[in-house]
Structure formats: structure tokens, C-alpha cells
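Residue-level structural notes
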Amino acid sequence: MENKKYLLETQNSAIYYSLIRTKRKTIGITVDINGEVKISVPLRISENQIAEVVEKRSNWILKKLREVQEIKKNEVFKQYVNGEKLLYLGKEYELKVVEQELYEDKVRVQSDIITVYLPQGLEGENKKQIVKEELLEWYKKCFVEIIGKRIKKYSLELELAPHKVVIKDQKTIWGSCSSKGNINLNWKLVMAPISIIDYVVVHEMCHLKVMNHSKDFWDEVGLMMPDYIQRREWLKINGHKLKL
């Protein structure tokens, strides 16, 4: 598979994009949350043809890039202090930091509050880092438990199962499936509603049957999840909020 950087200069701007040649039959254009433009194209198509398509879609690409810039401009970085908002399974919680030694369950959820227990004496950036690390460990642990149940559920319904499931920490990829039948899932999905987690699980498990994004693949997804388009759109719009 080829992955190169190209430049298209328009009247008002310049568009840098990655060109990825695959066995697909059509040209696909995506703009990720980091502002990277990726063009997936058939193996036998000239660069001139690709440039023509990119130029025709340049207004749409520039619009998406502006949306990404707006998101980044309004981005708020967490401070890991009392009162801060955290997402868990699509619900917003308030963070509470308590200085109290606990041997188990350093993170607890009650009502609308996620409490992190810390030893006394921590201050400044060191304290914030410990809070972040405890939350990260807790989120991943919860996600492993949730994913085990969702994989089991859809394995029964689809009558197939992945060879292995790996939990990963990735910036822009929510899930992937290898030709060996291994599924990778981003732990940050634990912040999304269970319906969105299910969409990503079904999406990747359907790749065990069809290893591309052809009509046959989306038909498989649609059989299991008729409203997958709405769930996919939710992830596109809200994915940038799923971070720690």
C-alpha cells in the first residue's frame, strides 16, 4: 500500500493530502480530527485523475479543515481538578479529588461524580499527573470489561469471533481489523455511549467477513445495525470530545 504526501494549490488555499492506493474501486476523501486529508484511491488511476477529483472537492475539503480549526481553537485542556467534567459511557460526570489512602478502587463512581483518591502531600503538576494516571488506568479497566461483553454478544449474533482483541491508545483511529482476524479498539470509546461502542465493534467484526468498505461490507453492517449511519455520524461529530 502506498502512502505519500501531495500538494494541491487552489485559488484561495493549498491542500496537502496523503494518497493511499488500495484495491477499492472508488475514490474516498476523509479529513480527520488532526486536519489530515487522506485520499484513498484504486490501484490503477493516474495522479492527474486524482488531482482533478481533489480539485472538484476542494471546497468541501477546505470547509472540513475550517471545522477542525474551529474545534481546536475552542479546545479546553483538562486540569484534573475538582469540578472538572469527565465523560463515561456518554454521560457527563464531575471530577472530585480526595486526599485519602485507599488500597483498592482508587477511582469510584457515585451518582454524577467520579472520585479519585490520592495519598496526602501531592501538589501541583505532580498531583495532576497522578490524577490523570489513575483515571487512565480506571478507564482502560472499565473498557476491557465492557468490550469483553460486547464482543461476546455480537460474536453470537454474527456467528463469528475475532482471533484476538487488543485495546490501544490512538489519536484518530477508533478501531481496525487485520487480515489475521485481530481486532484493535481505542480505549477512549469508553467515554462514548454504549450504542457508539457497539457500532465500532460491529463495524470491525463485519470486517472479519468483508475486508474492505465495499457495498457488501456496509450491507453486512446494516443487517446488524440499520441505524449505523447515524451512529457513525455521531462519532465523526463528537469524536474529538473523547479524550483524557
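In the block above lies the structure referred to throughout.
What this report covers is the structure whose coordinates are included nearby. None of these values were measured; they are calculated from a predicted model. In every chain, residue numbers begin from 1 and rise along the written sequence. The model is predicted, so local features are restricted to residues of pLDDT at least 70 and side-chain atom pairs to those at 80 or more, both for listing and for counting; the totals for chains, interfaces and linings are taken over all residues. Side-chain descriptors were evaluated using all non-hydrogen atoms of the structure, hydrogens and water having been removed beforehand.

1. Description of the sheet that holds strand 6 (residues 91-99)
Applicable threshold: The criterion for strand pairing is that DSSP finds at least two bridges linking the strands in question. Every helix listed is a DSSP run of H or I at least four residues long, and every strand listed is a run of E at least two residues long, numbered separately from the N terminus. Every axis corresponds to a line fitted to the C-alpha atoms, with the helix fit spanning only the stretch in contact, and the corresponding angles, defined between N-to-C directions, vary from 0 to 180 degrees. Throughout, a residue-residue contact means that at least one pair of heavy atoms, one from each residue, lies within 4.5 Å.
A sheet is described by the order of its strands in space; here 4 strands give the open sequence 5-6-8-7, paired in mixed fashion. The sheet is open, and its two edges are formed by strand 5 (85-88) and strand 7 (107-110), each paired on a single side. With strand direction ignored, the average angle separating the axes of adjacent strands in the sheet is 35°. In this fold helix 3 (residues 124-158) packs onto strand 5, strand 6, strand 7 and strand 8 (113-118), with an angle of close to 125° to the strand it touches most, strand 8.

2. Structural notes on the side chain of T115
What counts here: Only protein chains enter the accessibility calculation, which uses a 1.4 Å probe. A residue is then buried if its area is under 20% of the maximum for its type, exposed if over 50%, and partly exposed in between.
Structurally, T115 can be placed in strand 8. Exposure remark for T115: the relative accessible area of 9% places this residue in the buried category. Not counting residues within four places of it along the chain, the set of residues in contact with T115 comprises K96, V98, K106, V107 and R108.

3. Concerning the side chain of K188
As a reminder, the rule being used: Residues adjacent in sequence count toward polar contacts only when both atoms are side-chain atoms; beyond that, a polar contact is any pair of N or O atoms within 3.5 Å, and within protein one must be able to donate a hydrogen and the other to accept it.
Tracing the backbone shows K188 in the loop between strand 11 (182-186) and helix 4 (194-206). One polar contact links K188 to D169, side chain to side chain, over a distance of 2.6 Å. From its side chain, K188 meets the backbone oxygen of Q170 in a polar contact 3.2 Å long. The residues touching K188, leaving out its near neighbours within four places in the chain, are D169, Q170, W174, L242 and K243.

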